[in-house]
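Here is how the chains run, residue by residue.
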Amino acid sequence: MSARFSNLAALRLTVGRSRLRLVFHCLSGILALSALCLVADRGYPGLALVLVLPTVCLMWNLRRDPAAEVQLHWQQGKWDLLQRGERLLIAPRAGTTVLPWVVHLSYATLPQGRSGGLWIYVDSLERQA
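This structure is a prediction, so every number in the text was calculated from the model and none was measured. (Residues numbered from 1 in each chain as written. Predicted model: local features only at pLDDT ≥ 70, side-chain atom pairs only at ≥ 80, totals over all residues. Heavy atoms only, no water.)

Overview of the pairing of strand E7 (residues 115–121)
As defined by bridge partners, strand E6 (residues 102–109) adjoins E7 across 7 bridges and the pair is classed as antiparallel. In the sheet register, Val102 faces E7, and the bridge partner there is Tyr121. Here E6 folds back onto E7, and the loop between the two strands holds 5 residues, one of which, Gly113, carries a positive phi near 85°. (Pairing = 2+ DSSP bridges. Helix = DSSP H or I, 4+ residues; strand = E, 2+ residues; numbered from the N terminus.)

Here it is, written out as C-alpha cells:
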C-alpha cells in the first residue's frame, strides 16, 4: 500500500460493468473474424471453417465479465475479495499492473496460495472511488 493511502481506515471498491471492456471484446471479435477470413483467403477455407466453432465458443465465454459485482476491501493492511458470495483473503503480487485506463490486480489467495487476477477498468468504478 502506498504511503498516501496508509492513513485510510478502510477501502471498499465495488467493480461494476465496463463499457471499455465491451469495446475490447467487440474489437477482439472483429479481429478474430478478420483472421479467419485471411486464413480462408490464403487458401485454407477448411481450416478457417474448422476454427469458426472454437472462435465462437471463446467469444461467447468471454462475453461475461467475471469482475462485475466483485468487491475489493482493504482494512488495516489486509486485503479481501468478495466474489459470488465467497470471501477470499488475498495478498497482492508483484505482477500487478497499473495503467491510466485499467488496473490488473494480480493476487494469491491465503492460505492456499492459488493465483488469480482482477481486471478493474477505469469506467467500472464509481467516480468517488
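Some thoughts on the state of the cysteines
Applying the stated criterion across every chain yields a total of 0 disulfides. Note on Cys26: no disulfide assigned, nearest cysteine sulfur contributed by Cys37 at a separation of 17 Å. Cysteine Cys57 remains unbridged, with the sulfur of Cys26 as its closest cysteine sulfur at 18 Å. Cys57 gets classed as partly exposed once you look at its relative accessible area, which sits at 40%. (Disulfide = S-S within 2.5 Å. Buried < 20%, exposed > 50% of the residue type's maximum accessible area, 1.4 Å probe, protein only.)

Some words on the packing of helix H1 (residues 19–41) against helix H2 (residues 45–62)
Following both chains from N to C, one finds H1 and H2 inclined at 170°, their axes separated by 9 Å at the closest point. The angle between H1 and H2 places the two elements in the roughly antiparallel class. Seen from H1, the contacting residues are Arg21, His25, Ser28, Gly29, Ala32, Leu36, Val39 and Ala40; seen from H2, they are Pro45, Leu47, Ala48, Leu51, Val52, Thr55, Met59 and Leu62. Broken down by class, the residue content of the contact of H1 with H2 amounts to 11 nonpolar, 4 polar and 1 charged. (Axes fitted to C-alpha atoms, helices over the stretch in contact; angles between N-to-C directions. Parallel < 35°, antiparallel > 145°, perpendicular 65-115°, else oblique. Contact = heavy atoms within 4.5 Å. Nonpolar A, V, L, I, M, F, W, Y, C, P; charged D, E, K, R; others polar.)

Overview of H1
In this model, H1 (23 residues) spans 33 Å end to end at C-alpha, consistent with the 33 Å of a helix rising 1.5 Å per residue. For H1, every residue scored as buried is listed here: Arg21, His25, Ala32 and Leu36. Its buried side turned inward, H1 meets H2 and E7. Structurally, the start of H1 carries an N-cap: the backbone nitrogen of Leu20 is 3.2 Å from a side-chain oxygen of Ser18. (Expected span 1.5 Å × (residues − 1). Polar contact = N/O pair within 3.5 Å; in protein donor to acceptor, adjacent residues only side chain to side chain.)

Let's talk about the layout of surface pockets
Approximately 260 Å³ is the volume attributed to the second largest pocket. At the level of secondary structure, the elements contributing two or more residues to the lining of the second largest pocket comprise H1, E6 and E7. Of the residues assigned to the lining of the second largest pocket, the class counts are 7 nonpolar, 4 polar and 3 charged. (1 Å grid on protein atoms, 1.4 Å probe; cavity = no way out; pocket = protein on both sides within 12 Å on 5 of 7 lines; lining within 4 Å. Points joined across faces, edges and corners; volume = space filled by probe spheres on them.)

Describing the confidence of the model for the protein
Residue-level pLDDT values for the protein average 86, and 91% of them are 70 or greater. Per-residue pLDDT, averaged within each element of the protein, yields its smallest value for strand E1 (residues 10–14) (83) and its largest for H1 (94). (pLDDT = per-residue confidence, 0-100.)

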